[in-house]
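Next come the chains, spelled out residue by residue.
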Amino acid sequence: MEKKTKRVYLLIAILFIISFFLPSISFANSDSYEVSSPVLNIRSEPSNNASLVGQFTKGDQINAFDEQHGWVQTYYGGEPVWIAKHHLIPTGNSNQEEAPAEEVTSDEQTTEETADSSSGAVTVSADSIYVRSGPSTSDTIISYAYQGDVYDVASTSGDWLEVSLGDGETGWIASWLTTDGNVSEEETSQDSAPTVEAAQTQSSSSGSLSGYNIVIDPGHGGKDPGAIGLNNIYEKDVVTSTADYVVQQLEEAGANVITTRSGDYFISLDERVQTSNSYNTDAFISLHYDSFSAVPVSGVTTYYNSDSDAALASSLNSTLSSTVSLPSRGTQQAGYKVLQETNAPSVLIELGYITNPHDLTVVQTGDYQSSVARAITNGLINHLNN
């Protein structure tokens, strides 16, 4: 019995030691982020319904060691907790163990130095961007680029850069989503930096959305599937993929994009409104797909709540009707909660009927979702820069 007791005590001691060092072990392979929101709720589980255990504030640094459905796990007060990823900015500092310097070959060093010292090199500054076949958001997406990627510039066209992709191939990226790593100290001095007013004027004249805060609200999610279409297709799934296209193109146009959800999880209407009202939001756009089982109704409808939203609705309806392949059903006034209680100009767009066989086939394609994104981006540019 005495030996058995000693074994139990030894097992408890080992478990205690493991639990004590577990955070540091986990962080050895974590990614580093900075909080971008003024206040970020910390929850016990990866859900907005989970209990609130604390808050981070803008500028706080965190290490993430797990991710689930748009949430990342970190430590708070020595305990594992969860925070929404869309309020985080990658710092580029990974805590993964680096290889010893002597293991880097001279060829690798030469390659890095060449990329850094190239007079025509730019570095991607956004989290991720499209690489396109031509210098506009209407050109075909051929690849992706990610924060920190360095490219040699082959030529320029307006605000777009043609960059070398390797193997003799080139593609186009938005210049406002890159930084020039070779700008001299004199060029970055206070005297030579453009004023805020000048920067805003440049953005407006080029038709970009730089300086504007746009909230994209992908409808439904998690336990709320939204409409259920033919072949048991969930509205929430089509909305999520469409929102990805919209966010990407808005960011390419220079907008600061805030999403109410970035994965398949439930968000209440109150939380969607709160997200928008927490920012100096210039436009709130809620994305949905419609259903009607009685007859095969088709088309896109743009809803608004008050007269102050009508101009935004009209602009988006105009670009949608001229860009997407489904017919326009025009603008309609409606009292949706997210429109009534959102401070910013707001619209809710039903982008097609997933109970209509033709609409469903169309809206599930990347071409359609990309055209929706292009229409929304151009509609916002027209509305905000007029």
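Up top is the structure.
Cut-offs and rules
Residues numbered from 1 in each chain as written. Predicted model: local features only at pLDDT ≥ 70, side-chain atom pairs only at ≥ 80, totals over all residues. Heavy atoms only, no water. Pairing = 2+ DSSP bridges. Helix = DSSP H or I, 4+ residues; strand = E, 2+ residues; numbered from the N terminus. Axes fitted to C-alpha atoms, helices over the stretch in contact; angles between N-to-C directions. Contact = heavy atoms within 4.5 Å. Salt bridge = Lys/Arg side-chain N within 4 Å of Asp/Glu carboxyl O. Buried < 20%, exposed > 50% of the residue type's maximum accessible area, 1.4 Å probe, protein only. Phe/Tyr/Trp six-rings, centres within 6.5 Å; stacked < 30°, edge-to-face > 60°. Lys NZ or Arg CZ within 6 Å of the ring centre and 35° of its normal. Core = buried A, V, L, I, M, F, W, Y, C linked by side-chain atoms within 4.5 Å. Parallel < 35°, antiparallel > 145°, perpendicular 65-115°, else oblique. Left-handed = near helix turned anticlockwise from the far one by under 90°. Polar contact = N/O pair within 3.5 Å; in protein donor to acceptor, adjacent residues only side chain to side chain. Nonpolar A, V, L, I, M, F, W, Y, C, P; charged D, E, K, R; others polar. Right-handed = clockwise from strand over helix to strand, strands pointing away.

1. A few points about the sheet that holds strand β20 (residues 328-333)
- Ordered in space as β17-β16-β18-β21-β19-β20, the 6 strands form an open sheet in which the pairing is mixed. The two strands at the open ends of the sheet, each matched to only one other strand, are β17 (256-259) and β20. On average, each strand axis in the sheet is inclined to that of its neighbour by 20 degrees, with strand direction left out of account.
- The pairing of strand β18 (residues 283-290) with strand β21 (residues 346-353) spans 6 bridges and is classified as parallel. Looking at β21, one finds that Asp290 is bridged to Tyr353.
- In this fold helix α5 (residues 269-277) packs onto β16 (213-218), β17 and β18, with an angle of close to 170 degrees to the strand it touches most, β16.
- Most of the contacts of helix α6 (residues 307-323) go to β21, to which it runs at about 30 degrees, and overall it touches β18, β19 (300-304), β20 and β21.

2. Description of the pattern of salt bridges
- The full count for this structure, using the stated rule, is 5 salt bridges.
- We note a salt bridge from Glu252 to Arg132, for which the minimum N-O separation is 3.1 Å. Of this pair, Glu252 sits in helix α4 (residues 235-252) while Arg132 sits in strand β10 (residues 128-132), and the two are 120 residues apart along the sequence.
- The salt bridge partner of Lys236 is Asp264, with a shortest N-O separation of 3.2 Å. With Lys236 in helix α4 and Asp264 in the loop between β17 and α5, the pair connects residues that are 28 residues apart, well separated along the chain.
- Look at Lys236 and you get buried, because its relative accessible area is 8%.
- What makes Asp264 partly exposed here is its relative accessible area of 35%.
- One network of salt bridges, with partners in common, ties together Asp270, Lys337 and Glu341.

3. Some thoughts on the packing of aromatic side chains
- All told, the structure shown has 1 aromatic pair when counted by the stated rule.
- Stacked on the ring of Phe266, the Lys or Arg Lys223 has its end atom at 4.7 Å from the ring centre.

4. So, the nonpolar core
- Residues Ile216, Tyr368 and Leu380 are the most contacted members of the largest nonpolar core, which totals 41 residues.
- Put simply, the parts of the chain that give this core at least two residues each are β16, α4, β18, β19, α6, β21, α8 (357-363) and α9 (366-384).
- Per element, the largest residue contribution to this core is 8 residues, and it comes from α9.
- In this structure Tyr368 touches Tyr289, Val300, Val324, Ser325, Leu326, Leu351, Val362 and Val363, once residues within four positions along its chain are discounted.
- Residues Val124, Val131, Val163 and Ile173 belong to the second largest nonpolar core, which totals 13 residues.

5. Structural notes on the packing of α4 against α9
- The N-to-C vectors of α4 and α9 enclose an angle of 45 degrees; their axes lie 8 Å apart at closest approach. Looking at the two axes, α4 sits oblique to α9. The interaxial crossing formed by α4 with α9 has right-handed handedness. Contacts from Val238, Ser241, Thr242, Tyr245, Val246, Gln249 and Leu250 of α4 reach α9 at Gly366, Gln369, Ser370, Val372, Ala373, Arg374, Ile376, Thr377 and Leu380.

6. Some details on the environment of Ala334
- Structurally, the position occupied by Ala334 is in the loop between β20 and α7 (337-340).
- Note on Ala334: relative accessible area 15%, which makes it buried.
- In sequence terms Ala334 and Leu348 are 14 residues apart; their C-alpha atoms lie 9.1 Å from each other.

7. Focus on the side chain of Gln369
- On the secondary structure map, Gln369 appears in helix α9.
- According to the relative accessible area criterion, Gln369 is buried, its value standing at 3%.
- At 3.0 Å, the side chain of Gln369 forms a polar contact with the side chain of Ser241.
- Setting aside residues up to four positions removed in sequence, Gln369 forms contacts with Val238, Ser241, Thr242, Tyr245, Tyr289, Val363 and Gln364.

8. Some details on the environment of Glu34
- Among the structural elements, Glu34 can be located in strand β1 (residues 31-35).
- A relative accessible area of 31% means that Glu34 is categorised as partly exposed.
- Sequence separation between Glu34 and Leu88 is 54 residues; the distance between their C-alpha atoms is 5.5 Å.
- Polar contacts involving the side chain of Glu34 include one to the side chain of Gln61, which spans 3.1 Å.

9. Things to note about the packing of α6 against α9
- The N-to-C vectors of α6 and α9 enclose an angle of 140 degrees; their axes lie 8 Å apart at closest approach. Compared by their axis directions, α6 and α9 come out oblique. Crossing of α6 against α9: the hand is right-handed. Facing α6, whose interface residues are Ala311, Leu312, Ser315, Leu316, Thr319, Leu320 and Thr323, α9 presents Ser371, Val372, Arg374, Ala375, Ile376, Asn378, Gly379, Leu380, Asn382 and His383.
- Grouping the amino acids of the contact of α6 with α9 by side-chain chemistry returns 8 nonpolar, 8 polar and 1 charged.

10. Some remarks on the pairing of β19
- Among the 5 residues that make up β19, 5 are buried, leaving the element largely enclosed by the rest of the structure.
- Residues Val300, Thr302 and Tyr304 of β19 are buried on one face, and the alternating residues Thr301 and Tyr303, pointing to the opposite face, are buried as well.
- The sheet contact formed by β19 and β20 spans 4 bridges and is parallel. In the sheet register, Thr302 faces β20, and the bridge partner there is Thr331.
- Traced from β19 through α6 to β20, the parallel crossover comes out right-handed.

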